[in-house]
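Observations on chain architecture
Here is how the chains run, residue by residue.
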Amino acid sequence: MRSDSALRLLFIFVVTALLAACASMQRPEGGPRDEAPPVFVRSNPRPGQLNVTGNKVTVEFDENVTLDDAMNKVVVSPAQRTTPVVSAVGRRVTVELRDTMKKDVTYTIDFADAVKDLNEGNVLDGFALDFSTGDTIDTLRISGMLFEARNLEPAQGMVVGVYSNLSDTAIKTLPLDRITKTNQYGQFTLRGLKEGKYRIYALNDVNRDYHWDRSEDVAFYDVTVSPSSEPAVFTDTLVNVAGEDSVVTRDGTRFLPDDILLTWFNEGYVSQYLRNNGRPTQRTIEFEFAAKADTLPIIKLLNTYRAGEDISKWTVLQANPTLDTLRYWITDTSLIALDTLLVEARYLMTDTLEQLSMTVDTLRLVDKNAKSRRRQLEKEAKEREKQREKERKELEKQGVNLDSLDAADTIPPRPKALDFKVSSGGTQDVHLPLLFSSETPVARLDTVAVTLEQLVDTIWYPVAPPVIRQTDSLNPLNFYADYKWEPGSKYKLVIDSAAIYDIYGLTNDSIAHEFTVKRLDDYSSLSFNIQGLDGMPAVVEVLDGSDKVVSAAPVKDGHVKVEYLSPGTYYARLFIDRDSNGVYTNGILDSIQPEEVYYYPKKVNLKKNWGIEQSWNINELPLDMQKPQEIKKNKPKRKRGEQEEPGEEEEEDDFFDDPFMNSATGNRFNNTERYDDRRRNY
């Protein structure tokens with residue numbers, strides 16, 4: 001009995017303890033954060049498997065996974081006409097190929113950085129699976145990096161591919177033989193290549209046809225490439241559970257070339273056609289073309305007594321420099337009064353063969369606001385008549401002679417003044433001209449009626465006035481006055497009334513504009529001594545924190561000085577001005593590479609009355625390390641919960657750590673040499 005009682009008591013004690021433990025709600029102790037990406041366990045087919053026949057591929061990992069934008073990131077090579085179905089459930093990822101499998105072909109499924117663990121979001125970057133439908137498998141690879149040519153932004157998610165067909169026309173008509181996509185660093189690795197010669201391209205394949213259309217972004221490599229491999233020893237760093245690291249080496253294979261540098265550009269091609277036309281106001285006619293043009297359209301009037309006359313006879317042209325936006329100001333008042341003008345327009349348009357050919361349109365230019373404007377004028381006239389009748393009755397009560405009043409009333413009111421004004425503000429940069437704008441095209445400006453005074457102590461003294469000129473021969477609304485302003489001085493510009501006439505006979509009211517010129521010590525300057533140009537012409541651009549150009553100057557004898565900069569934080573970029581036109585020039589596919597760009601890898605803080613001079617070797621750092629992180633837009637995504645490390649934003653005198661390694665080979669891209677070689681070829 002004692003033994004039964006003892007067992008009974010023991011049972012009650014155990015149950016009570018368990019219930020107490022269940023009722024105790026406490027926060028579980030946290031362990032170290034999981035920062036490891038998923039680990040590949042197995043797949044069907046296996047990596048490198050031969051004679052594969054099924055169209056479904058499964059891959060298993062050591063933990064639950066999810067996919068990030070699989071439709072765009074997961075790439076099957078050779079390219080598939082029908083998009084594969086990619087899904088993830090638990091630890092398994094499934095890829096179902098919907099195209100018929102080709103015989104004796106090496107297939108590569110490149111997951112890029114689409115696979116990540118479900119809980120922490122740790123990304124498995126660069127994971128790919130190769131298998132073959134034949135008795136052999138192709139194992140050669142080509143690796144490199146892709147940047148935007150103009151600003152060295154890493155190209156993320158762009159298609160990179162090769163052709164064994166070395167014809168220049170292959171990229172325009174045939175799908176790429178083998179493809180991959182760039183990762184978040186702009187890196188790429190093309191896998192499953194045979195021995196042989198290839199041409200390498202990259203493109204922003206908007207319509208997913210795996211060849212280049214003229215409106216798409218594109219990059220090309222100057223020479224053919226023959227992939228190869230060689231034995232290599234790689235160094236790894238292992239960390240044990242205690243956090244201690246050790247360096248180990250392992251044998252492996254290095255695939256070459258692994259340092260291809262591509263820079264993408266856009267030729268700016270747009271099919272030419274008349275996008276829009278009309279008569280937005282009573283006085284103006286507008287034509288908008290889809291692309292820039294070298295010549296003006298031929299436009300003739302078809303109705304009224306001026307039928308057959310060219311548009312230049314009865315309008316004044318206002319156009320942008322690229323001649324794709326044209327505004328014609330009608331000067332004939334009888335034509336202005338008409339609601340509809342009928343014109344014949346002859347212009348160049350892109351035909352079905354993508355060639356420019358002359359086309360002829362008959363266009364009705366309707367003043368759509370004419371009816372509403374007439375109704376408004378009639379309404380205003382009736383209101384004026386009512387007000388006038390009211391005033392007449394009041395005057396009759398007061399005994400005023402209405403006949404004399406009516407006679408005086410026949411004097412027309414003063415016409416509206418021309419709206420001509422100074423666009424510059426009250427503070428004037430010492431190196432810039434005054435700017436002016438007009439509401440309507442100016443026909444004449446009397447320079448004799450322009451005076452300038454300078455304030456000395458408290459007295460205004462007359463000085464030689466500036467000459468006001470039209471800014472652009474195609475824009476009769478904008479004007480400027482260049483002058484050698486005295487820093488820190490105060491000026492007063494006066495333009496007499498009726499000194500300016502527009503094409504409709506309106507004149508200006510008197511204009512008086514007072515302004516103060518900045519002092520020289522309000523500015524800063526930035527100078528560079530440039531090395532590595534090898535005698536090539538170059539232009540340095542000073543940039544703001546948004547990577548936008550603030551000022552620019554050509555490099556002369558290895559030196560450049562950019563003056564009149566306001567205090568602030570700046571960055572610098574240099575481009576090789578190969579055609580010596582002072583403007584950055586894009587490339588032409590398979591013919592001309594875009595002009596090369598380099599970044600000064602440090603920010604520069606300028607203060608008032610400072611002049612900073614820096615040495616800049618454009619080849620000192622590899623190209624992918626040159627652009628400062630602060631102005632880089634395509635930055636790698638941070639892991640979930642990852643915060644910016646203190647001090648991650650470097651000071652202006654510090655260089656950045658190297659974040660870019662070839663994930664396929666473990667080697668660093670030696671792309672600056674490739675870039676420099678390409679430059680020397682021109």
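Calculation rules
Residues numbered from 1 in each chain as written. Predicted model: local features only at pLDDT ≥ 70, side-chain atom pairs only at ≥ 80, totals over all residues. Heavy atoms only, no water. Helix = DSSP H or I, 4+ residues; strand = E, 2+ residues; numbered from the N terminus. Buried < 20%, exposed > 50% of the residue type's maximum accessible area, 1.4 Å probe, protein only. Contact = heavy atoms within 4.5 Å. Areas by Shrake-Rupley, 256 points an atom, 1.4 Å probe, with all protein chains shown as cover. Pairing = 2+ DSSP bridges. Core = buried A, V, L, I, M, F, W, Y, C linked by side-chain atoms within 4.5 Å. pLDDT = per-residue confidence, 0-100. Salt bridge = Lys/Arg side-chain N within 4 Å of Asp/Glu carboxyl O. Axes fitted to C-alpha atoms, helices over the stretch in contact; angles between N-to-C directions. Phe/Tyr/Trp six-rings, centres within 6.5 Å; stacked < 30°, edge-to-face > 60°. Lys NZ or Arg CZ within 6 Å of the ring centre and 35° of its normal.

We now examine the overall build of the chain. In terms of regular secondary structure, the chain is built from 7 helices and 45 strands. Each of the 682 residues in the chain was classed as buried or not, and the buried ones make up 40%. A separation of at least 24 residues holds for 67% of the contacts in the chain among residues at least 6 apart in sequence. About 37500 Å² of surface is accessible on the chain, with carbon and sulfur atoms providing 49% of the total.

What follows concerns the sheet that holds strand β8 (residues 115-117). Across the sheet, which stays open at both edges, the 3 strands sit in the order β3-β8-β9 with antiparallel pairing between neighbours. Looking at which strands have only one partner, the edges of the open sheet turn out to be β3 (65-67) and β9 (123-124). Taken together, the 2 bridges between β8 and β9 define a ladder with antiparallel strand orientation. Bridge pairing links V115 to L124 in β9.

Turning our eyes to something else, we now look at unusual backbone geometry. In this chain, N44 is followed by P45 through a cis amide linkage whose omega measures 5°. Residue placement: P45 occurs in the loop between β1 (40-44) and β2 (56-61). Cis peptide bonds are those with omega within 30 degrees of zero, and the linkage from L256 to P257 qualifies with -5°. Here P257 shows up in the loop between β18 (245-256) and β19 (260-264). Positive phi outside glycine occurs at D104, with the angle close to 55°.

F528, I530, L574 and W616 are the most contacted members of the largest nonpolar core, which totals 38 residues. Here this core takes 6 residues from strand β42 (residues 568-576), the largest share from any one element. Look past the residues within four positions of L574 in its chain and what remains in contact with it is I530, L533, A538, V539, V540, V555, E596, V597, Y598, W616 and I618. In terms of nonpolar packing, the next biggest core, distinct from the first, is built from 26 residues, L274, I311, L323 and A345 among them.

With 85% of its residues at a pLDDT of 70 or more, the chain has an overall mean of 87. Here residues 645-674 scores under 50 on pLDDT; set against residues more than four positions off or in separate chains, the count is 79 contacts. Note on residues 676-682: pLDDT under 50 across the span, and 24 contacts to partners over four residues away in sequence or across chains.

Opposite charge on two side chains permits pairing when their charged atoms draw close. On inspection of all chains with the given rule, the structure shows 28 salt bridges. A salt bridge links D138 to K194, with the nearest nitrogen and oxygen atoms 3.3 Å apart. One end of the pair, D138, is in the loop between β10 (127-132) and β11 (140-148); the other, K194, is in the loop between β14 (187-193) and β15 (199-203), and 56 residues separate them in sequence. We classify D138 as buried; its relative accessible area is 16%. Of the charged contacts, one joins R306 and D332 as a salt bridge, the two residues approaching to 2.8 Å between their closest N and O atoms. Remark: D332 occurs in the loop between β24 (325-330) and α4 (333-336) and R306 occurs in the loop between β22 (298-301) and β23 (315-319); sequence separation between them is 26 residues. Residue R306 is classed as buried on the basis of its relative accessible area of 15%. You can call D332 buried: its relative accessible area is 10%.

The next subject is the environment of L526. Tracing the backbone through its elements, the reader meets L526 in strand β38 (residues 524-531). L526 gets classed as buried once you look at its relative accessible area, which sits at 1%. Residues in contact with L526, not counting those within four places in the same chain, are V542, V560, K561, V562, L565, V604, L606 and I612.

Taking strand neighbours across the sheet as the criterion, the 3 strands line up as β22-β25-β26 in an open arrangement whose pairing is antiparallel. At either end of the open sheet lies a strand with only one pairing partner, and these are β22 and β26 (356-366). When strand polarity is set aside, the average angle formed by the axes of neighbouring strands in this sheet is 20°. Note that β22 and strand β25 (residues 340-350) share 4 bridges and pair antiparallel. Pairing of K300 across the sheet is with E344, part of β25.

Here we come to the packing of aromatic side chains. Two aromatic rings, taken as a pair, are described by how far apart their centres are and by the angle between their planes. Taken as a whole and assessed by the stated rule, the structure comprises 20 aromatic pairs. Geometrically, the ring pair formed by Y483 and W485 is tilted, given 4.7 Å between the ring centres and 40° between the ring planes. Accessibility expressed as a relative area gives 21% for Y483, which makes it partly exposed. Pairing F575 with Y584 gives two aromatic rings, centres 5.7 Å apart and planes at 90°, and the pair type is edge-to-face. Relative accessible area serves as the criterion here: at 1%, F575 is assigned to the buried category. Through a chain of ring-to-ring contacts, the aromatic side chains of F40, F61, F111 and F127 assemble into a single cluster. One cation-aromatic arrangement involves R150 over Y584; the distance from NZ or CZ to the ring centre is 4.4 Å. One cation-aromatic arrangement involves R214 over Y269; the distance from NZ or CZ to the ring centre is 3.7 Å.

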